[in-house]
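A look at the structure
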Amino acid sequence: MLLFIPIESSFSVAVQADAQLFSEAWDNNIVIVSPSTLLATLRTIESIWKQENQTKNAIEIARQGGALYDKFVGFVEDLEKVGKQISQLQTSYDTAMNKLNSGSGNLIGRVENIKKLGAKTSKQLPQSNAENKDYFLPEEVL
C-alpha cells in the first residue's frame, strides 16, 4: 500500500522527527511517497508487476511446452504403430496375391482352366490377370 503525503515540507519534518518512520511503515507493507517520489515509485511498481507477469508466463510456457512434448511423443508412437500395421497389411496382401496368381495351382490359372473346360460364365477376369498364361493348362489337355 502507498501512503501519499502531498506536502513535501510536512513529509520532511515527519522524517526528521522520527527516523524510524520509513522502516516501521515498510514493516507494515506501507510505502511512504511524496510528490517528488510518487512517479518513480509507481514506475518501480509497474516494472515489478511486469516482471511478475513475465515470470508467470514463462512458467505457463514451460508447462504447456512439456505437455506438448508429451503429446508429440504419443503421436510419434501412434505413427510407428500405424507403420507396423501397414507393413503387416502389405505382407498379408502380398501373400494373398501370390495365392491368387503365382506358382503352380494358383487360383487365377485354375479358374481360367475351368472356364476353358466349358464352365458357363457371365463375367471375365480383368485382362491384367487373365494374361498370366504361364499357369494355364496346355492347349492339348483341353
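Model, not experiment: these values are computed from the prediction.

Re the pattern of salt bridges
All told, the structure shown has 2 salt bridges when counted by the stated rule. Glutamate 60 is paired through a salt bridge with arginine 63; the nearest N and O atoms lie 2.6 Å apart. A residue pair is termed a helical-turn pair when its members lie 3 or 4 positions apart in one helix, as glutamate 60 and arginine 63 do in helix α3 (residues 35-101) at 3 residues. By relative accessible area, glutamate 60 is classed as partly exposed at 31%.

A closer look at helix α4 (residues 107-116)
Considered for burial, the residues of α4 that qualify are Ile108, Gly109, Glu112 and Asn113. Take α4 and look down its axis: the buried residues cluster within an arc of 130°, on one side only. The opening residue of α4, the one whose side-chain oxygen lies 3.1 Å from the backbone nitrogen of isoleucine 108, is asparagine 106. Phi for glycine 118, located one or two positions after α4, is positive at around 120°.

Structural notes on the confidence of the model for the protein
Summing up the model confidence of the protein, the mean pLDDT is 87 and the portion of residues at 70 or higher is 89%. The least confident element of the protein, judged by mean pLDDT, is helix α5 (residues 127-130) at 64; the most confident is α3 at 95.

So, how was this worked out
Residues numbered from 1 in each chain as written. Predicted model: local features only at pLDDT ≥ 70, side-chain atom pairs only at ≥ 80, totals over all residues. Heavy atoms only, no water. Salt bridge = Lys/Arg side-chain N within 4 Å of Asp/Glu carboxyl O. Helix = DSSP H or I, 4+ residues; strand = E, 2+ residues; numbered from the N terminus. Buried < 20%, exposed > 50% of the residue type's maximum accessible area, 1.4 Å probe, protein only. Arc of directions from axis to C-beta. Polar contact = N/O pair within 3.5 Å; in protein donor to acceptor, adjacent residues only side chain to side chain. pLDDT = per-residue confidence, 0-100.

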